[in-house]
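Coordinate analysis (summary)
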Amino acid sequence: LLAYFYPRLRQYHSFLAGRLGSSTTRRHKDHLICTWDYFYNSGGWDDYSPQKFIHTKKLEASAAPAINSSHTIRCAKLLRSAAAALGRTEDFAEYDADIAELSTSLQKYSWDAASGYFGYVMHDADGEPSGILRDETGANFNIGLDGVYPLVAGICSNDQEDQITERLFSPKHLWIDIGITTVDQSAPYYSTG
């Protein structure tokens, strides 16, 4: 079963990682992944504050959410394990390169120590990273689930893991009576309506 699906999943990953065919997912010089050309949602949330702002302001060409690169890292890690099970060690280099490059870029350009969340990375006309997307108050505009997704990718430092885990289970931040909210309740743009 794995031998059947592996080449198909590998092809999907190559497209997601911006290396196959007409893929436009890896357009920026920091190589962060963005999938705006293919889908409105970055992570399955229709009205997520920074995503809605990006679409309203027509900034899709310059914004890279943390979740797209995080999913690409996670896929690379899963496929590397599948390649190992199949004895396809020649495929390791591609996955290792994706994991290292995207992890480095997320840490260097997306981590916002002041908020304790990873941010959307904005890029200039030349594709160079120009900073984290911020709201009109100057707050990281990604104080929510997208901003914690590098935890799922397994690329956080111990300090980042501690901060993110604390926010996930804090009733002042992401934990609510019915589970987890998409936007941190302490964010200036959090709304119950």
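Here, every reference points to the structure presented above.
Let me begin by describing the structure that accompanies this report. Because the structure is predicted, anything quoted here is derived from the model rather than measured.

Moving on to the overall build of the protein. The secondary structure content of the protein amounts to six helices and seven strands. The helix and strand sequence of the protein, counted from the amino end, reads α-α-β-α-α-β-β-β-β-α-α-β-β. Here the protein, with 193 residues, has 48% of them falling under the buried criterion. When contacts within the protein are restricted to residue pairs at least 6 apart in sequence, those whose partners lie at least 24 apart make up 58%. Just so you have it, the protein exposes about 9600 Å², and 55% of that area is on carbon and sulfur atoms.

Moving on, we get to helix 3 (residues 66-86). Helical periodicity: at 3.6 residues per turn, an α-helix aligns residues three or four positions apart in one direction. In a regular helix each residue adds 1.5 Å, so 21 residues correspond to 30 Å; helix 3 covers 30 Å between its end C-alpha atoms and thus fits that length. Where helix 3 is concerned, the buried positions are Ala66, Ile67, Asn68, Ser69, Ser70, Thr72, Ile73, Ala76, Leu79, Ala82 and Ala83. Elements that come into contact with the buried residues of helix 3 comprise helix 1 (2-16), strand 1 (63-64), helix 4 (92-110), strand 3 (117-118) and helix 5 (150-153). Within two residues after helix 3, glycine 87 carries a phi angle of roughly 75°, on the positive side.

A separate point is the sheet that holds strand 4 (residues 121-123). On the basis of which strands lie adjacent, the open sheet formed by three strands has the order 1-4-5 and antiparallel pairing. On the outer flanks of this sheet lie strand 1 and strand 5 (129-132), each paired with one strand and no other. The pairing of strand 1 with strand 4 spans two bridges and is classified as antiparallel. Its bridge partner being in strand 4, alanine 64 is matched across the sheet by valine 121.

Under the criterion given, the structure shown has twelve salt bridges. Put simply, glutamate 94 and arginine 19 hold a salt bridge, and the shortest N to O gap is 2.4 Å. With glutamate 94 in helix 4 and arginine 19 in the loop between helix 1 and helix 2 (49-56), this pair connects stretches of sequence that are 75 residues apart. Overall, glutamate 94 belongs to the partly exposed group, its relative accessible area being 21%. Classification of arginine 19 as partly exposed rests on a relative accessible area of 36%. Here the salt bridges do not stand alone but share partners, grouping Arg10, Arg19, Arg26, Arg88, Glu90, Asp91, Glu94, Asp98 and Glu101 into one network.

With that settled, the discussion passes to the packing of helix 1 against helix 4. Running from N to C, helix 1 and helix 4 point in directions that differ by 35°, and their axes come no closer than 12 Å. For the pair helix 1 and helix 4, the sense of crossing is left-handed. Here Tyr6, Arg10, His13 and Ser14 of helix 1 come into contact with helix 4, specifically with Glu94, Tyr95 and Asp98. Residues that form the contact of helix 1 with helix 4 fall into these classes: two nonpolar, two polar and three charged.

The rules behind each value
- Residues numbered from 1 in each chain as written.
- Predicted model: local features only at pLDDT ≥ 70, side-chain atom pairs only at ≥ 80, totals over all residues.
- Heavy atoms only, no water.
- Helix = DSSP H or I, 4+ residues; strand = E, 2+ residues; numbered from the N terminus.
- Buried < 20%, exposed > 50% of the residue type's maximum accessible area, 1.4 Å probe, protein only.
- Contact = heavy atoms within 4.5 Å.
- Areas by Shrake-Rupley, 256 points an atom, 1.4 Å probe, with all protein chains shown as cover.
- Expected span 1.5 Å × (residues − 1).
- Pairing = 2+ DSSP bridges.
- Salt bridge = Lys/Arg side-chain N within 4 Å of Asp/Glu carboxyl O.
- Axes fitted to C-alpha atoms, helices over the stretch in contact; angles between N-to-C directions.
- Left-handed = near helix turned anticlockwise from the far one by under 90°.
- Nonpolar A, V, L, I, M, F, W, Y, C, P; charged D, E, K, R; others polar.

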